[in-house]
Amino acid sequence: MNQAGTRRFRAYTSKHLDDLLQRAGLGDEERLKVRAVATVLPFRTNAYVVDELIDWSAAPDDPIYRLVFPQEDMLPAADVARLADLLKAEAPNAEIQAEANRVRAQLNPHPAGQMELNVPRIGVEPVPGMQHKYPETVLFFPKQGQTCHAYCTYCFRWAQFVGDADLKFASDDIGQLVRYLHEHPEVTSVLITGGDAMIMGEPVIRRYIEPLLGVEQLESIRIGTKALAYWPQRFTTDPDADATLELFEQVTESGKNLAFMAHFTHPRELESPLVESAVQRILGSGATIRTQAPMIRSINDDAALWSGMWRRQLRMGMIPYYMFVERDTGPQDYFAVPLARAYEIFRDAYSTISGLCRTVRGPSMSATPGKVCVDGVAEIAGEKVFVLHFIQARDPALVGRPFFARYDPSAVWLTDLRPAFADRFPFEPTGEAALLTA
Ligand SMILES: *Cc1c(COP(=O)(O)O)cnc(C)c1O
């Protein structure tokens, strides 16, 4: 086993940022600006990402470098300059934090109504740490799972990671989830997410998973994770790797699907032999691995990259699942790929892969009313339009029914679109209901 396989996990945080930026060859002023961005957006990485994934000879343009390191132009220049001045003047931390919070508030920290909508209730009591948006699926955010082995610069949950209590929601009460599931027999799938569920040690994750095994109606337990990309040792050489795999086996032997929802952004994340053995071990437990990632400008906005990634995943025994559109939060302007372009990249990649890889769906926007897939661009009755459909919807009656939006080459999100051949989208209230709720 090489060194990377035997070292214990240790996070690199903003304390280590300046040293790492020097390694990327950034000068004093550039490093100061990046540190200014890192007062607003969370930074965290680790030795595996730094030593095994990043191509330092290509930094700061290397895609994996861009995936984890803040860039100075991710935020408005005036904000960066003001924060850089505060850092340079060694201003009190409280002052820097106040300014950082002001900038954060401009970045739509809670996309898709994360705080207000989807809050499940037992009786009238809201249940913290859960979201129930689609009838059959509940999301659960375990308290100890609210971080990751490394942060992605584009993460839509960035607001949870910046240490502001208002922006956090999580639960350590699995009993509450179990009670909720007994009251809601329509729920067949629990998705443990965060953060990264696999940041939790085996005894902790066991406390969350074991009580779910007794919930008869549950068909699947899903684990949202990027650990296979950022810390594959979690499943191979970490001290609790074997115990974790035994827990997975216990789930599959109980007659439920343990679905690993693995986040892979770039094919390089699949190259290490450690990943290969981690994947084999997980599959050996009877779990399935489905893969998903958003399309990010300058990191993976390329058709050959996606088809290569899906093919490699297939060979390794994983199932391509979703290609997402970058959400409307954080440095979205920096990373957004227009819907028209994302669709072309998806189509070009999809058209070259075998049917076994065509389990993937996208490009998909996880928006307030549901998951909207861009099926294509068509000309209908002389008008150029986007053809769309809901893969998932808050209102299940909307699923699988095509609808149309006026073509707009610069639109990057559902909220940029306007209906075509209709005066409202199917997910918008009708004229009468709109008047009643106005
Ligand atoms: C994608 C998603 C789910 C899971 O949906 P599936 O289509 O079943 O994978 C659940 N909740 C939210 C908020 C989602 O975006």
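What counts, and where the lines are drawn
Residues numbered from 1 in each chain as written. Predicted model: local features only at pLDDT ≥ 70, side-chain atom pairs only at ≥ 80, totals over all residues. Heavy atoms only, no water. Domains from an automatic or database assignment. Contact = heavy atoms within 4.5 Å. Buried area = accessible area lost by both parts, 1.4 Å probe. Salt bridge = Lys/Arg side-chain N within 4 Å of Asp/Glu carboxyl O. Polar contact = N/O pair within 3.5 Å; in protein donor to acceptor, adjacent residues only side chain to side chain. Helix = DSSP H or I, 4+ residues; strand = E, 2+ residues; numbered from the N terminus. Axes fitted to C-alpha atoms, helices over the stretch in contact; angles between N-to-C directions. Parallel < 35°, antiparallel > 145°, perpendicular 65-115°, else oblique. Left-handed = near helix turned anticlockwise from the far one by under 90°. Phe/Tyr/Trp six-rings, centres within 6.5 Å; stacked < 30°, edge-to-face > 60°. Buried < 20%, exposed > 50% of the residue type's maximum accessible area, 1.4 Å probe, protein only. Lys NZ or Arg CZ within 6 Å of the ring centre and 35° of its normal. Core = buried A, V, L, I, M, F, W, Y, C linked by side-chain atoms within 4.5 Å. Near = heavy atom within 4 Å. Areas by Shrake-Rupley, 256 points an atom, 1.4 Å probe, with all protein chains shown as cover. Nonpolar A, V, L, I, M, F, W, Y, C, P; charged D, E, K, R; others polar. Expected span 1.5 Å × (residues − 1). Pairing = 2+ DSSP bridges.

## Considering the domain arrangement of the protein chain
Part 1 of the argument: One can read the domain layout of the protein chain as domain 1 (3-104) and domain 2 (111-286).
Part 2 of the argument: In this structure, domain 1 and domain 2 have C-alpha centres spaced 27 Å apart.
Part 3 of the argument: The interface of domain 1 with domain 2 comprises 29 residues on the first partner and 28 residues on the second.
Part 4 of the argument: Approximately 2300 Å² of surface area, both sides summed, lies buried where domain 1 meets domain 2, with 63% of it carried by carbon and sulfur atoms.
Part 5 of the argument: Summed over the three residues of domain 1 that lose the most area to domain 2, namely R44, Y48 and L67, the buried surface amounts to 30% of that side.
Part 6 of the argument: For the pair domain 1 and domain 2, the number of links is 1 salt bridge.
Part 7 of the argument: With a shortest N-O distance of 2.8 Å, D62 and R268 are connected by a salt bridge.
Part 8 of the argument: Applying the counting rule to domain 1 against domain 2 returns 9 residue pairs in polar contact (both at pLDDT 80 or more).
Part 9 of the argument: Elements supplying a minimum of two residues to the side of domain 1 that touches domain 2: helix 1 (3-6), strand 2 (45-46), helix 4 (47-53), helix 5 (63-68) and helix 7 (93-105).
Part 10 of the argument: Of all the elements, helix 5 adds the most residues to the side of domain 1 that touches domain 2, at 5 residues.

## Here's the deal with the packing of helix 2 (residues 14-23) against helix 3 (residues 28-37)
Part 1 of the argument: Between helix 2 and helix 3, whose axes approach to 10 Å, the crossing angle comes to 135 degrees. One element, helix 2, and the other, helix 3, form an angle in the oblique class. The way helix 2 lies across helix 3 gives a crossing that is right-handed. Where helix 2 approaches helix 3, its residues L17, D18, L21 and Q22 are matched on the opposing element by R31, V34 and R35.

## A closer look at the packing of aromatic side chains
Aromatic ring pairs: the centre-centre distance and the angle between the two ring planes describe each pair.
Part 1 of the argument: Scanning the entire structure with this criterion turns up 22 aromatic pairs.
Part 2 of the argument: The interplanar angle of 25 degrees and the centroid separation of 5.5 Å between the aromatic rings of F390 and F403 together place this pair among those described as stacked. With F390 in strand 14 (residues 383-393) and F403 in strand 15 (residues 403-406), the pair connects residues that are 13 residues apart, well separated along the chain. The burial state of F390 is the same as that of F403; both residues are buried.
Part 3 of the argument: Both rings, one in F425 and one in F427, keep their centres 5.2 Å apart while their planes meet at 15 degrees; by these two values the pair is stacked.
Part 4 of the argument: Note on F427: relative accessible area 24%, which makes it partly exposed.
Part 5 of the argument: An aromatic cluster of three or more residues is present, and its members are F43, W56, Y65 and F69.
Part 6 of the argument: In this structure, K226 packs its charged tip against the face of Y230, placed 4.7 Å from the ring centre.
Part 7 of the argument: Positioned above the aromatic ring of Y350, the side-chain terminus of R358 is 5.1 Å from the ring centre.

## Quick notes on the nonpolar core
Part 1 of the argument: If you look at the biggest cluster of nonpolar residues, it comprises 115 residues, and the most contacted ones within it are F69, L212, L228 and W306.
Part 2 of the argument: At 6 residues, helix 13 (residues 303-316) tops the list of elements feeding residues into this core.
Part 3 of the argument: Each residue touching L228, except ones within four places of it in the same chain, is listed here: F235, F260, A262, F264, E269, V275, A278, V279, I282 and I289.
Part 4 of the argument: Core analysis: the next-biggest nonpolar cluster, separate from the first, contains 22 residues, V325, Y343, A393 and L398 among them.

## Some details on the site of the ligand
Part 1 of the argument: In the vicinity of the ligand, the residues found are K133, Y134, L139, R222, Y321, Y322, R327, S366, K371 and Q392.
Part 2 of the argument: Between the ligand and the protein, one listed contact pairs an oxygen atom with a side-chain N or O atom of Y322 at 2.5 Å.
Part 3 of the argument: Notes on the ligand: free accessible area 380 Å², of which the protein chains cover 87%.
Part 4 of the argument: Looking at the shell around the ligand, the elements that each hand over two or more residues are strand 5 (130-134) and strand 11 (319-325).
Part 5 of the argument: Residues that form the shell around the ligand fall into these classes: 4 nonpolar, 2 polar and 4 charged.

## As for helix 13
Part 1 of the argument: Here helix 13 is 14 residues long and its end C-alpha atoms lie 20 Å apart, about the 20 Å a rise of 1.5 Å per residue gives.
Part 2 of the argument: Of the residues making up helix 13, those classed as buried are A303, L305, W306, S307, M309, W310, Q313 and M316.
Part 3 of the argument: For helix 13, the secondary structure elements touched by its buried residues are helix 12 (273-284), strand 10 (288-295), strand 11 and helix 15 (339-350).
Part 4 of the argument: The backbone nitrogen of A304 lies 3.2 Å from a side-chain oxygen of the residue at the head of helix 13, namely D302.

## A look at the sheet that holds strand 11
Part 1 of the argument: Read across the sheet, 11 strands follow the order 5-6-7-8-9-10-11-12-13-14-15 without closing on themselves; strand pairing throughout is mixed. Since the sheet does not close on itself, it has two edges, and those belong to strand 5 and strand 15, each with one partner. Taken over all neighbouring pairs, the strand axes of this sheet differ in orientation by 30 degrees on average, direction set aside.
Part 2 of the argument: Sheet analysis places strand 9 (residues 257-263) next to strand 10, joined by 5 bridges and oriented parallel. When the bridges of strand 10 are listed, F260 appears paired with I289.
Part 3 of the argument: Contacts between helix 15 and the sheet are confined to strand 10, strand 11, strand 12 (361-367), strand 13 (370-380) and strand 14, with strand 12 contributing the most and set at about 145 degrees to the helix.

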